[in-house]
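In case you want the letters, here they are:
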2 protein chains.
Amino acid sequence: MILLEENTNYTEILKREGMKSTRHRNAILLLLEQSEHPITAEELYISLKGKTATINLSTVYRTLDTFASKNLVIKSTMDDGKARYELNHHEHKHHLFCVGCHKVISIEDCPMGELQESLKKKIDFDVTGHKLEIYGYCHNCKKG
Amino acid sequence: MILLEENTNYTEILKREGMKSTRHRNAILLLLEQSEHPITAEELYISLKGKTATINLSTVYRTLDTFASKNLVIKSTMDDGKARYELNHHEHKHHLFCVGCHKVISIEDCPMGELQESLKKKIDFDVTGHKLEIYGYCHNCKKG
DNA sequence: ATTCATGCAAATTATTTGCAGCTTC
DNA sequence: GAAGCTGCAAATAATTTGCATGAAT
């Protein structure tokens, strides 16, 4: 589990994971770090095309897959059929999706702790991870 | 929110939702009811081809979409890129995905209750729904 | 120098759509 | 008989892959 802090040297992190440090990889890590919410491969690609000379969508996908396999990023596939990627910060976070304005709010609360223990005891299931997405109305979008 | 019980007449349910009762729709509802865990469109299609004379994959997708729009079924898209569908039973369930044998175990525990209240109080966010998927190793697949 | 990363184009996979014919109400 | 289903084939959309070239160690 890697903790990326501001001003972290990406080359270090990449090296530590046995990956070469390239312009694209550094750029992708930077963008992921700057984004407050999970982002699609295509969104990354579009941002990158503006900044980096050339980059190919395949490269974005390949890079994200590699990062995901090293647990540097977390991939979540939404019901719109597109996967979103976010940095795997050390702190465990979940996201509130406002169904009114589509804003995404990150929270640090996670209710899994007790459930995890209970599953272990009740049915001998060892939890290794989970995905929780919460939908609802934010302060501004409340009905009424 | 519709509760489907054993021996429910699907025609009734379909009519109530303003949908015509057809052989395919009934067959799909039956299969969904018989399946203990969320199932892909293709899995449904394959099962149906064995039983019903002919059915087309498009029809399966269209039917599932229609059902989902009436809240008869719940669609969840997984990281393997395939959507799974399940009946929207009144009881709220979650699923454990074994990363060893890919078995799916349904549980009725849900840890959202307190978090929901706390989000309401802390940041005035009204939760209307959530998705929780849990990954790990089942009894048979435990490492070691 | 060797190993790994990338661009490009083409392939794959899941899902959607247009339209003509066929069931339900 | 009108409105709504369904099959079929073709279109999309997201993601993956093969291969030749280019860059990092």
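Residues numbered from 1 in each chain as written. Chains lettered and ligands numbered in written order. Predicted model: local features only at pLDDT ≥ 70, side-chain atom pairs only at ≥ 80, totals over all residues. Heavy atoms only, no water.

J.: Describe the protein's contact with DNA strand C, naming the residues involved and giving the relevant values.
T.: Around DNA strand C sit 21 residues in total, of which Lys-20, Arg-25 and Thr-59 of chain A together with Tyr-61 and Lys-82 of chain B are the nearest. Backbone atoms, meaning sugar and phosphate, form 65% of the atoms of DNA strand C found within 4 Å of the protein. One of the side-chain nitrogen or oxygen atoms of Lys-20 of chain A is found 2.4 Å away from a base oxygen of DNA strand C. Between a sugar or linking oxygen of DNA strand C and a main-chain N or O atom of Gly-81 of chain B, the distance comes to 3.4 Å. Of all the secondary-structure elements, those providing two or more residues to the surface near DNA strand C are α2 (23-34) and α4 (57-69) of chain A together with α4 (57-69) of chain B. When residues of the surface near DNA strand C are assigned to their parent elements, the largest contribution, five residues, is made by α4 of chain B. Of the residues belonging to the surface near DNA strand C, the class tally is four nonpolar, ten polar and seven charged. (Near = heavy atom within 4 Å. Polar contact = N/O pair within 3.5 Å; in protein donor to acceptor, adjacent residues only side chain to side chain. Helix = DSSP H or I, 4+ residues; strand = E, 2+ residues; numbered from the N terminus. Nonpolar A, V, L, I, M, F, W, Y, C, P; charged D, E, K, R; others polar.)

J.: Help me get a handle on the sheet that holds strand β1 (residues 39-40) of chain A, residues and values and all.
T.: All names here are of chain A. Taken in spatial order, the three strands line up as β1-β3-β2 in an open sheet, and their pairing is antiparallel. Only two strands of the sheet have a single neighbouring strand rather than two, namely β1 and β2 (73-77). Of the pairings in the sheet, the one linking β1 to strand β3 (residues 83-87) comprises two bridges and is antiparallel in character. From the neighbouring strand, Thr-40 faces β3, where its bridge partner is Arg-84. Against the sheet, α2 engages β1, β2 and β3, with an angle of about 90 degrees to β3. (Pairing = 2+ DSSP bridges. Contact = heavy atoms within 4.5 Å. Axes fitted to C-alpha atoms, helices over the stretch in contact; angles between N-to-C directions.)

J.: Account for the interface of chain A and chain B, naming residues and giving values.
T.: Every contact between the two is made by 37 residues of chain A and, on the other side, 37 residues of chain B. For the pairing of chain A and chain B, the buried interface totals around 3200 Å² over both sides, and the portion due to carbon and sulfur atoms is 57%. In this structure, Lys-131 of chain B engages Asp-79 of chain A in a salt bridge whose closest nitrogen and oxygen atoms are separated by 3.3 Å. The interface formed by chain A and chain B includes 17 residue pairs in polar contact (both at pLDDT 80 or more). Of all the elements in the fold, those that place two or more residues in the side of chain A that touches chain B are β2, β4 (94-98), β5 (104-107), α5 (112-123) and β6 (126-137) of chain A. The class makeup of the residues in the side of chain A that touches chain B is 18 nonpolar, eight polar and eleven charged. (Buried area = accessible area lost by both parts, 1.4 Å probe. Salt bridge = Lys/Arg side-chain N within 4 Å of Asp/Glu carboxyl O.)

J.: Got a sec to walk through the UniProt feature "binding site: Fe cation" (unreviewed entry) in chain A? Specific residues and values, please.
T.: UniProt's feature table lists "binding site: Fe cation" (unreviewed entry) at His-92 and His-130 of chain A, given in the numbering used throughout. Spatially, the listed residues are clustered: although they cover 39 residues, their C-alpha atoms lie within 10.6 Å of one another. Position of His-92 of chain A among the secondary structure elements: in the loop between β3 and β4. Here His-92 of chain A falls in the partly exposed class, since its relative accessible area comes to 36%. Setting aside residues no more than four positions away along its own chain, His-92 of chain A makes contact with Ile-107, Glu-108, Cys-110 and His-130 of chain A. In terms of polar contacts, His-92 of chain A uses its side chain to reach the side chain of His-94 of chain A, at 3.0 Å. Locating His-130 of chain A in the fold gives a position in strand β6. Judged by its relative accessible area of 17%, His-130 of chain A falls in the buried class. Among residues more than four places away in sequence, those in contact with His-130 of chain A are His-92, His-94, Cys-110 and Met-112 of chain A together with Leu-132, Glu-133, Ile-134 and Tyr-135 of chain B. In this structure the side chain of His-130 of chain A is engaged in a polar contact, spanning 3.0 Å, whose partner is the side chain of His-92 of chain A. (UniProt positions renumbered as here; feature names shortened; annotations may be inferred. Buried < 20%, exposed > 50% of the residue type's maximum accessible area, 1.4 Å probe, protein only.)

J.: Outline helix α3 (residues 41-51) of chain B, supporting the account with residue identities and numerical values.
T.: All names here are of chain B. Where α3 is concerned, the buried positions are Ala-41, Leu-44, Tyr-45 and Leu-48. Viewed along the axis of α3, the buried residues span an arc of 100 degrees, placing them on a single side of the element. The outward face of α3, more than 90 degrees from its buried face, is lined by the exposed residues Ile-46 and Gly-50. Looking at the buried residues of α3, the elements they touch are α2 (23-34), β1 (39-40), α4 and β3 (83-87). (Arc of directions from axis to C-beta.)

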